[in-house]
Amino acid sequence: MELLQVIESISHNLGELAHKNIASELVLVDRNPDKLRGETLDLQHGLAFVRNAQVYGDTQYSATAGSKLCIVTAGVPQGPGDSRTSLAPKNLEIFKEIIPRLVKYSPETILLIVTNPVDTLAYAAWKLSGFPANRVIGSGTNLDSSRFRFLLSQRLKVVPSICHGWIIGEHGDSSIPIWSDANLAGVRLRDVDSRVGTKKDVENWSQLHQEVVGSAQEIIKLKGYTSWGIGLSVAALTRAILENSQSSYAVSTLVQGIHDISEDVFLSVPCILGDTGVSRIILQTLNRVELADLHNCAKSLYEIQKSLHF
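Residues numbered from 1 in each chain as written. Predicted model: local features only at pLDDT ≥ 70, side-chain atom pairs only at ≥ 80, totals over all residues. Heavy atoms only, no water.

Moving on, we come to the packing of aromatic side chains. Pairs of aromatic rings are described using the distance from one ring centre to the other and the angle between the two planes. Within this structure, the stated rule accounts for five aromatic pairs. Measuring from ring centre to ring centre gives 5.8 Å for Trp126 and Phe266, while their planes differ by 45 degrees; the resulting arrangement is tilted. Taken together, the residues Trp126 in helix 4 (residues 118–129) and Phe266 in strand 13 (residues 266–274) connect sequence positions 140 residues apart. For the pair Trp126 and Phe266, a shared accessibility class is recorded, and that class is buried. The structure contains a cluster of three or more aromatic residues connected by ring pairs, namely Tyr123, Trp126 and Phe266. The cationic tip of Arg135 hangs over the ring face of Phe131; the distance from NZ or CZ to the ring centre is 4.1 Å. (Phe/Tyr/Trp six-rings, centres within 6.5 Å; stacked < 30°, edge-to-face > 60°. Helix = DSSP H or I, 4+ residues; strand = E, 2+ residues; numbered from the N terminus. Buried < 20%, exposed > 50% of the residue type's maximum accessible area, 1.4 Å probe, protein only. Lys NZ or Arg CZ within 6 Å of the ring centre and 35° of its normal.)

Structure representation (structure tokens):
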């Protein structure tokens, strides 16, 4: 079996996976049988438009046996005004039910965690599964980095594909934009103006990062939930893993020892993804401010973790 999707309110992930012909077999698991049947039927009715794929729905985890990849999106959704970290205690309890069952039926699988707060819950999934760290991945700041590149492209009036920039650290308010390396087709913005992204920046490029941080709440206020962006992001990560693409993405992984981080936490850094999960971590050259921000982010998440019971 190529893929398992555990669903809970992020059904657009499923549509993107089917539409992009990423997996030959897709299993949906949910505790709500009516929702599960509705999602399954909705997907099955569109299969004539994609490569032949099998789509199943089941309330029993035994249906997932032998999955190469398990995508976990189950959890209490983020509402208007909610911080991602405030969801941690309730969603941790859900993970205590889900993760051991996935491991029981697919002991060699890779876990891709999407549920918020994704960094804390990726760490929880690692602890609950007993897997090596490379086989537990959080969707992390992959979407944040995409939002960043889109906003850069809007400011520069070019297509997003030639804008390059990373958001690392927490998928949340303390995420870190790597202005020192943001570039347009290889030309670093700070080589054009060294003030870009700093307090001395008269063009206020830092506003782009604030827009990235506030994007989810803005979308939730407008339509009630986020869907398309995270669906496309998860589809890209899934393709990289199942096709062993060895491509780079900003995903949440164990960073203890990376950039001299001493805390036992999951944070997003550029990673190479393939059929073993995280095959390598790219050690970026960070400036003094970016490195300090990353260390502060690690300390903050570690404090949150200490208040939880895994």
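We now examine the packing of helix 4 against helix 9 (residues 288–306). Pairs of packed helices are described in terms of their axes, by the angle between the two and the distance that separates them. Closest axis-to-axis distance for the helix 4/helix 9 pair is 10 Å, and the angle between their directions is 55 degrees. Taken as axis vectors, helix 4 and helix 9 run oblique relative to one another. The crossing of helix 4 and helix 9 is right-handed. Of the residues in helix 9, those touching helix 4 at Asp119, Thr120 and Tyr123 are Leu301, Ile304 and Gln305. Here the contact of helix 4 with helix 9 is composed, by residue class, of three nonpolar, two polar and one charged. (Axes fitted to C-alpha atoms, helices over the stretch in contact; angles between N-to-C directions. Parallel < 35°, antiparallel > 145°, perpendicular 65-115°, else oblique. Left-handed = near helix turned anticlockwise from the far one by under 90°. Contact = heavy atoms within 4.5 Å. Nonpolar A, V, L, I, M, F, W, Y, C, P; charged D, E, K, R; others polar.)

Counting residues in each nonpolar core, the largest one holds 31 residues, and the members touching the most others are Leu112, Ile137, Val251, Val255, Leu267, Leu273 and Leu294. Discounting residues that sit within four places of it in the chain, Val255 has contacts with Ile261, Val265, Leu267 and Val269. In terms of nonpolar packing, the next biggest core, distinct from the first, is built from 29 residues, Ile99, Trp126, Phe131 and Phe266 among them. (Core = buried A, V, L, I, M, F, W, Y, C linked by side-chain atoms within 4.5 Å.)

In this model, helix 8 (residues 228–242) (15 residues) spans 21 Å end to end at C-alpha, consistent with the 21 Å of a helix rising 1.5 Å per residue. Those residues of helix 8 that sit buried are Ile230, Gly231, Ser233, Val234, Ala235, Leu237, Thr238, Ala240 and Ile241. Within two residues after helix 8, Asn244 carries a phi angle of roughly 50 degrees, on the positive side. (Expected span 1.5 Å × (residues − 1).)

The subject of this paragraph is the sheet that holds strand 11 (residues 187–188). Pairing within the open sheet is antiparallel, and its three strands lie in the order 7-10-11. Either end of the sheet is taken by a strand with one partner, and the two such strands are strand 7 (163–164) and strand 11. Across two bridges, the pairing between strand 10 (residues 183–184) and strand 11 is antiparallel. Bridging across to strand 11, Leu184 finds its partner in Val187. (Pairing = 2+ DSSP bridges.)

Right, let's talk about the side chain of Asp30 for a bit. Within the fold, Asp30 resides in the loop between strand 2 (25–29) and helix 2 (33–44). It turns out Asp30 is buried and unbridged, and the closest side chain with the opposite charge, Lys35, is 5.4 Å from it. (Lys, Arg positive; Asp, Glu negative; His and termini not counted. Salt bridge = Lys/Arg side-chain N within 4 Å of Asp/Glu carboxyl O.)

Here strand 2 pairs with strand 3 (residues 54–58) via five bridges, running parallel. Looking at strand 3, one finds that Leu26 is bridged to Val55. This β-α-β element, strand 2 to helix 2 to strand 3, shows right-handed connectivity. (Right-handed = clockwise from strand over helix to strand, strands pointing away.)

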